[in-house]
Amino acid sequence: MNLRPKIALYEPDIPQNTAAIIRTCACLGADLEIIEPCGFLFSDKRFKRVVMDYMDEKMIRFYQSSDEFFKSKKNERVILLTTKSADSYTDFKFESNDTLLFGRESAGVPDHVHNLIKYRLKIPMMDNKRSLNIASSVAIILSENLRQTNFNK
């Protein structure tokens, strides 16, 4: 069993954000899972400019759909990060094999996906702000997961 934390992206649509998340995962030792379809091609020059030489296909797993993703996770915890939660990530006990799911930049995850997930967390923000950039959110949550689980490279 893999004990590395996993970041999952639901149908990402901004190449620069996905590239920045790949770099974060590569540097901090997390695996990346991408639920397709993506809103861009991995040959996109905006993607390549940010990902540089951090792209390692061995650390990325692609799912053709959310159904395929959730079938593979039937015995694992999936934690959704969403602005639609009342629970803060700072009050949550992460485990080393958690999958941390982040929604699409433009729309989050659809209600049917939201409703499949038991654990839904938010990053507390100022009242008059909508959301953080997804790459920043991934870095915050992944860092807390690693801190709590004492992950060692």
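Scroll up a little and you will see the structure.
What this report covers is the structure whose coordinates are included nearby. (Residues numbered from 1 in each chain as written. Predicted model: local features only at pLDDT ≥ 70, side-chain atom pairs only at ≥ 80, totals over all residues. Heavy atoms only, no water.)

The next subject is the packing of aromatic side chains. This structure, assessed with the given rule, holds four aromatic pairs. Judged by centre distance (5.5 Å) and plane angle (65 degrees), the rings of Phe92 and Tyr119 are edge-to-face. A residue pair is termed long-range when its members are at least 10 positions apart, and Phe92 in the loop between strand S4 (78-81) and strand S5 (99-102) and Tyr119 in strand S6 (residues 119-121) qualify at 27 residues. Overall, the relative accessible area of 13% leaves Phe92 in the buried class. Residue class for Tyr119 comes out partly exposed when judged on its relative accessible area of 24%. Three or more aromatic residues link up through ring pairs in this structure, and these residues are Tyr63, Phe69 and Phe70. The ring centre of Tyr119 lies 5.0 Å from the NZ or CZ of Arg77, which sits over that ring. (Phe/Tyr/Trp six-rings, centres within 6.5 Å; stacked < 30°, edge-to-face > 60°. Helix = DSSP H or I, 4+ residues; strand = E, 2+ residues; numbered from the N terminus. Buried < 20%, exposed > 50% of the residue type's maximum accessible area, 1.4 Å probe, protein only. Lys NZ or Arg CZ within 6 Å of the ring centre and 35° of its normal.)

Another aspect to go through is the side chain of Thr82. Position of Thr82 relative to the elements: it lies in the loop between S4 and S5. Assessed through its relative accessible area of 13%, Thr82 is described here as buried. From its side chain, Thr82 meets the backbone nitrogen of Lys84 in a polar contact 2.9 Å long. Setting aside chain neighbours within four positions, we find Thr82 in contact with His114, Arg120, Leu121 and Lys122. (Polar contact = N/O pair within 3.5 Å; in protein donor to acceptor, adjacent residues only side chain to side chain. Contact = heavy atoms within 4.5 Å.)

It is worth spelling out the layout of surface pockets at this point. The calculated volume of the largest pocket comes to roughly 690 Å³. In terms of lining, the largest pocket is formed by 30 residues, of which the most central are Leu81, Thr82, Thr83, Arg130 and Ser131. At the level of elements, S4 and helix H5 (134-149) are the ones that each hand at least two residues to the lining of the largest pocket. Here the lining of the largest pocket is composed, by residue class, of 13 nonpolar, ten polar and seven charged. (1 Å grid on protein atoms, 1.4 Å probe; cavity = no way out; pocket = protein on both sides within 12 Å on 5 of 7 lines; lining within 4 Å. Points joined across faces, edges and corners; volume = space filled by probe spheres on them. Nonpolar A, V, L, I, M, F, W, Y, C, P; charged D, E, K, R; others polar.)

If you walk through the whole model with that rule in mind, you get nine salt bridges. Linking Asp31 and Arg4 is a salt bridge whose minimum nitrogen-to-oxygen distance equals 3.1 Å. Note that Asp31 is positioned in strand S2 (residues 31-35) and Arg4 in the segment before strand S1 (6-10), a separation of 27 residues in sequence. Here Arg4 falls in the partly exposed class, since its relative accessible area comes to 31%. Here Arg77 and Asp98 are joined by a salt bridge, their closest N and O atoms 2.9 Å apart. (Salt bridge = Lys/Arg side-chain N within 4 Å of Asp/Glu carboxyl O.)

Pairing is parallel in the open sheet, where six strands are placed in the order S3-S2-S1-S5-S4-S6. Looking at strand neighbours, the two that pair on one side only are strand S3 (60-63) and S6, the edges of this open sheet. Ignoring which end each strand starts from, the neighbouring axes of this sheet average 25 degrees apart. Set on the sheet, helix H1 (residues 15-28) makes contact with S1, S2 and S3; between it and S2 the angle comes to about 150 degrees. Its contacts with the sheet place H5 against S1, S4 and S5, and it is angled at close to 160 degrees to S5. (Pairing = 2+ DSSP bridges. Axes fitted to C-alpha atoms, helices over the stretch in contact; angles between N-to-C directions.)

Here Ser66 shows up in helix H3 (residues 66-72). Given a relative accessible area of 12%, Ser66 falls into the buried group. Look past the residues within four positions of Ser66 in its chain and what remains in contact with it is Tyr10, Ile35, His112 and Val113.

A regular strand places its side chains so that they alternate between the two faces of the sheet. Every second residue of S4 is oriented toward a common face, with Val78 and Leu80 on one face and Ile79 and Leu81 on the other, all of them buried. Relative to S5, S4 runs parallel, the two sharing four bridges. Paired with Leu80 across the strands is Leu101, a residue of S5. Bridge count between S4 and S6: three bridges; the pairing is parallel. Following the sheet pairing, Ile79 is matched in S6 by Tyr119.

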